[in-house]
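Spelled out, the chains give:
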Amino acid sequence: MNEERRIKRALISVYHKKGLDEVLKKLYKEGVQFVSTGGTQSFIESLGIPCEAVEALTGYPSILGGRVKTLHPKIFGGILARRDLPTDQEQIAQYDIPEIDLVIVDLYPFEETVASGADDASIIEKIDIGGISLIRGAAKNYKDVVIIASQAQYEPFMSLLEAKGANTTLEERRWFAKEAFGVSSGYDTAIFNYFDQDESSAFRVAANGAKVMRYGENPHQKGVFYGKFEELFDQLHGKEISYNNLLDIDSALTLIDEFDELTFAILKHNNACGIASRPTVLEAWKDALAGDPVSAFGGILITNDAVNKEAAEEINKIFFEVIIAPGYTAEALDILKQKKNRIILIRKNTEVPGRQFRSLLNGVLVQDRDLSIQTEDDLESMTKKMPTDQEIVDLLFANKLVKHSKSNAITLVKNKQLCASGIGQTSRVDALRQAIEKAASFDFDIKGAVMASDAFFPFPDCVEIADKAGITAVIQPGGSVNDQLSIDYCDEHGMSMVKTGIRHFKH
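Residues numbered from 1 in each chain as written. Predicted model: local features only at pLDDT ≥ 70, side-chain atom pairs only at ≥ 80, totals over all residues. Heavy atoms only, no water.

**Focus on the pattern of salt bridges**
In this structure the tally under the stated criterion is 23 salt bridges. With a closest N to O distance of 2.7 Å, E261 and K416 form a salt bridge. Pair noted here: E261 is in the loop between α12 (243-256) and β11 (263-268) and K416 is in the loop between β19 (410-413) and β20 (418-422), with a separation of 155 residues, a long-range link. Accessibility expressed as a relative area gives 21% for K416, which makes it partly exposed. D287 is the salt-bridge partner of R278, the closest N and O atoms lying 2.6 Å from each other. Salt bridges sharing partners connect three or more residues here, namely R6, K26 and E30. (Salt bridge = Lys/Arg side-chain N within 4 Å of Asp/Glu carboxyl O. Helix = DSSP H or I, 4+ residues; strand = E, 2+ residues; numbered from the N terminus. Buried < 20%, exposed > 50% of the residue type's maximum accessible area, 1.4 Å probe, protein only.)

**A closer look at the pairing of strand β3 (residues 33-36)**
Here 4 bridges tie strand β2 (residues 9-14) to β3, and the two strands are oriented parallel to one another. Pairing of R9 across the sheet is with Q33, part of β3. Handedness of the crossover joining β2 and β3 through helix α1 (residues 21-29): right-handed. Pairing geometry for β3 and strand β4 (residues 52-53), over 2 bridges, is parallel. When the sheet's bridge partners are listed, S36 is paired in β4 with A53. What joins β3 to β4 is helix α2 (residues 38-46), and the crossover it makes is right-handed. (Pairing = 2+ DSSP bridges. Right-handed = clockwise from strand over helix to strand, strands pointing away.)

**With respect to the sheet that holds β11**
Judged by pairing direction, the sheet is mixed, and its 6 strands sit side by side in the order β10-β15-β14-β13-β11-β12 without closing on themselves. In this open sheet, the two edge strands, each paired with only one partner strand, are β10 (233-237) and β12 (271-277). With strand direction ignored, the average angle separating the axes of adjacent strands in the sheet is 20°. Where β11 and strand β13 (residues 299-303) come together, 4 bridges link them in antiparallel fashion. For L267, the partnering residue across the bridge sits in β13 and is I300. Against the sheet, helix α13 (residues 281-290) touches β11, β12 and β13, its axis set at about 35° to β11. (Axes fitted to C-alpha atoms, helices over the stretch in contact; angles between N-to-C directions. Contact = heavy atoms within 4.5 Å.)

Structure follows, in structure tokens:
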């Protein structure tokens, strides 16, 4: 059913006024009358638009320091009255309650106040009561009332006004009600999470900015990204980012953040297939690519330094999906933009959330993000032979890589360059053999290389295989009841091994 309604009276109660003036002017031209509260009333009148004060309508002043302004039957009766229900119409006539056909609300900035580091009292005062009640009341009665619950709805509402004047259909009002409940549920989620802190008594998350993907992980699956991608990146060039691109971009971001030195990484299916730390972007790129030039095809590239012309000329020689950097020279961009679909991103200095969650079974699994980064001070020698200074550098490098590789995982590193990795194997021995074979296929000399394992060695077979391949130092979490077997082998064959005490499974 069409059930068209015309807006005749509007209640306006907003915290931020930006973008509201044109909406108000258009409504006024359509003959709409206004009711509002203090600051908003003054703003409306400054536009040359007459406005009735809420206090004049209710007969009560704003009380309790502004906590109670709109919470009154003359306000909520006018919003909730059902136009097609005779008893409702009789009652609003009896109590002289005017109908309100439009409610525009902009809630107190609760999340912004929390983010500012304000004290508890200031945060509590930013819990909107009247505004959230107005939203729920107007949205509930969407059959008769239009609700504009945030600045994000000004543009679609203005488009509606331009096209149809002050008339709305049931379908249109229902859409605005849906948007309004999205605002109110997100607001309440933020408040709950503030009070819940680290208790984790319930899982609540609200993410806006829905972006429908071309498809999900595969073409037959639907996919949607909820979030503010633009807060993390500026996209300078290329096609629409896909579901799988986002997964790889997330992995690339968390990996590169492990490194303070200039580093370049290449990822494929969420795992690094090449990475190196070097003095320049060009050198880092060449040595990262050497790690696996085959897998690099169609990969995701990321560096923590600006890309210049010389590096771009080399990078441009292969096909890749995405490149991420904190900046690019103009010459570098001209080169990289030669492929129209190539996604070029500038990373902004914005932190990602410290918690992760995924849906599984009939619930949600939540955990802290693995932010543990081991340093030389965290290493405990397990063997008679101590690692050299260069081996320590490489061990820490390898440990960072294995942390971001699918378990079971082994990484082989030499001179701050990934020689090869074995990832996603059901056996740690298989992961090691995969890494050794892969290194050999790309002509890496792994004699003098180091090995990292994401979990402990239950048996000495891995250190034995590593030793025979020429690996001289090992880093692992330790903690197996059979640790001594691996220690004994290393001592007998002149290998050094250190433990971190921190496991880095990734599934």
